[in-house]
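A closer look at the structure
Chain by chain, the residues run as shown.
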Amino acid sequence: MRDLVFVGYLGLIALLAFKRPFLFTLIYAYIDIVAPQRLSYFLLNSVPLSLIMFGLAVAGYLVNDTKTDSRISPRHFVIVLLLIYCGYTTSMADEPIAAAEKWAWVWKALVFAAFLPLLLKTKLRLEALALMLVLCASTLIVTGGIKTAAGGGGYGVLVLLVDNNSGLYESSIISCVAIMIIPLILWLRKHGTIFKPDWRVNLYSAALIFSCLLIPIGTQARTGLVCIVVLAILQLRFVRFRFILLYVFGVIFIGIASIPFLPQSFIERMETIENYEADESASTRIAVWKWTLDYVDKNPLGGGFDAYRQNKVVYDIDIVDDNGFITGQDEREVVDEGRAYHSSYFEMLGENGWPGLIMWLIIHVGGVWRMEVIRRLYNKRNREDEEWVAPLAVALQNGQIIFLVGSLFVGIAFQPFVYMLIAMQLGLDTYLARRRKEAAFIPITKGRLKLAQKPNLVSK
């Protein structure tokens with residue numbers, strides 16, 4: 001019965017998409033993020049759903065969309081270059097079977113990230129994608145937030161829609177993404193036009209943000225706590241100078257006041273951030289990172305996807321007593337094999353070497369820089385029809401900074417959700433560049449153009 005509901009729902013919105021082909025892109029995003037095929041027993045699992053929707057999205061663009069408004073940016077080329085390079089490292093991978101399995105979904109994420117900005121040619125499309133990303137992520141976040149508030153959760157215990165540990169269903173990944181989208185939620189609440197700001201939008205936005213903050217508690221993922229701290233720091237830029245101390249003390253007070261309401265298991269796990277020498281999980285990560293540096297020293301081009309499977313690490317950890325304190329006695333030796341990188345930076349380095357890491361950093365650090373350029377440019381223009389631009393650039397920039405910090409501790413270098421945010425950055429950048437170029441000239445006679453004195457950027 002549940003399969004029939006999902007098939008009926010997808011079939012209905014697919015029919016609507018034949019009239020507005022851009023909707024195929026949003027449907028693909030929904031399938032890639034929520035993965036309804038995981039909720040299905042048979043019907044959706046038996047067909048390559050995401051591949052079909054991606055093919056329809058491309059066909060809709062080729063047949064029904066205006067190509068003249070599409071633009072590309074330098075980061076487009078870097079994404080394509082990274083795609084080609086990952087294909088090369090996969091062909092030379094140390095673990096060919098595992099590498100082929102990861103390549104099967106990585107190439108889709110990179111191709112979609114390069115294709116999607118070509119479609120984002122209006123403000124409405126940018127907003128529609130932002131809304132789809134937030135709502136799809138909220139499908140998992142609201143579920144986890146309700147369970148956490150009801151007293152459920154725990155590390156490796158909190159089940160979202162289904163008992164699955166891949167994609168956004170993995171605890172550390174959803175903890176990072178939940179905090180990443182908070183700036184985007186705030187932008188939609190204030191500047192959204194699909195759901196115009198009113199008390200209902202404000203209420204749902206507040207409830208969703210609260211759920212986002214509950215996810216790190218429910219999953220007990222240390223990455224989520226780090227991301228919350230980064231978000232609090234980023235919000236300082238919007239606080240007036242005379243209120244900075246008030247904001248800092250307010251954040252500290254809320255943090256301290258919330259401690260009595262937090263599960264004891266959550267507090268104990270967060271304490272391992274400080275005493276990482278006695279935590280086997282943290283010590284393993286550090287040992288794997290050291291192994292990766294040694295490996296890349298001998299293999300500067302990387303070992304292909306999942307090259308970590310060949311590692312063997314030996315390290316010592318401090319012995320702790322029943323109360324969690326280091327005893328000061330002799331250290332205990334731990335031997336581990338085939339442990340994952342648990343860091344996007346070391347994931348890129350170990351799998352794709354220095355060239356892959358450099359390209360990956362250009363894509364992400366370049367995004368932070370370009371959003372800052374847009375923010376500064378459109379803060380100065382002070383036009384009513386452009387009020388949404390700078391806040392969107394800030395939201396995308398803050399989300400990416402949170403990702404860059406959170407990904408230090410979780411291997412999500414090729415997470416499709418993040419590449420959709422990058423595609424939004426590219427789409428916003430190229431859209432604004434096209435509108436500035438169009439507004440720089442006004443027609444005076446047939447076949448002649450004149451430089452405009454006051455550019456008028458009108459949002460489509």
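Position numbers for residues count from 1 along each chain, tracking the sequence in the order it is written. For this predicted model, a pLDDT threshold of at least 70 governs which residues receive local features, and a threshold of 80 or more governs which side-chain atom pairs are given and counted, while totals over whole chains, interfaces and linings are taken from all residues. Note: side-chain values were computed over all heavy atoms of the structure, leaving out hydrogens and water.

**Description of the overall build of the protein chain**
Across its full length, the protein chain carries 16 helices and 4 strands. Partly exposed residues are those whose accessible area sits between 20% and 50% of the maximum for their type, while under 20% is buried and over 50% is exposed, using a 1.4 Å probe and protein chains only. Among the 460 residues that make up the protein chain, the fraction classed as buried is 50%. Two residues form a contact once any of their heavy atoms are found within 4.5 Å. Taking the contacts inside the protein chain whose residues are at least 6 apart along the sequence as the reference set, 76% of them involve residues at least 24 apart. Counting from the N terminus, the helices are the DSSP runs of H or I reaching at least four residues and the strands are the DSSP runs of E reaching at least two.

**Details of the pattern of salt bridges**
Salt bridge criterion: a side-chain nitrogen from Lys or Arg within 4 Å of a carboxyl oxygen from Asp or Glu. Scanning the model with the defined rule gives 10 salt bridges in all. Ionic pairing is found between Glu-347 and Lys-102, a salt bridge with its closest N-O pair at 2.6 Å. Within this pair, whereas Glu-347 is found in helix H14 (residues 344-381), its partner Lys-102 is found in helix H5 (residues 96-115), the two being separated by 245 residues in sequence. Both residues of the pair, Glu-347 and Lys-102, count as buried. Residues Arg-200 and Asp-198 are paired through a salt bridge, measuring 2.8 Å at the closest nitrogen-oxygen approach. Note on Asp-198: relative accessible area 22%, which makes it partly exposed. Connected through salt bridges with shared partners, the residues Asp-65, Lys-121 and Arg-125 form a single ionic network.

**Quick word on the confidence of the model for the protein chain**
pLDDT measures how confident the predictor is about each residue, on a scale from 0 to 100. Averaged over all residues, the pLDDT of the protein chain is 81; the fraction at 70 or higher stands at 76%. Segment residues 449-460: pLDDT under 50, and 42 contacts once partners within four positions in sequence are set aside and those in other chains are kept.

**Here we look at empty space enclosed by the protein**
Note on definitions: the grid is 1 Å and covers protein atoms alone; a cavity is a set of points where a 1.4 Å probe fits but cannot get out; a pocket is an open set with protein on both sides within 12 Å along at least five of seven lines; lining residues have an atom within 4 Å of a point. Grid points are joined across faces, edges and corners, and a volume is the space filled by probe spheres set on the points. Taken as a whole, this structure holds 5 cavities of 30 Å³ or more when the rule is applied. Here the largest cavity defines a volume of roughly 50 Å³. Lining of the largest cavity is provided by Met-180, His-364, Leu-396, Gly-399, Gln-400, Val-418, Leu-421, Ile-422 and Gln-425. Listed by contribution, the elements that provide at least two residues to the lining of the largest cavity are helix H15 (389-406) and helix H16 (416-439).

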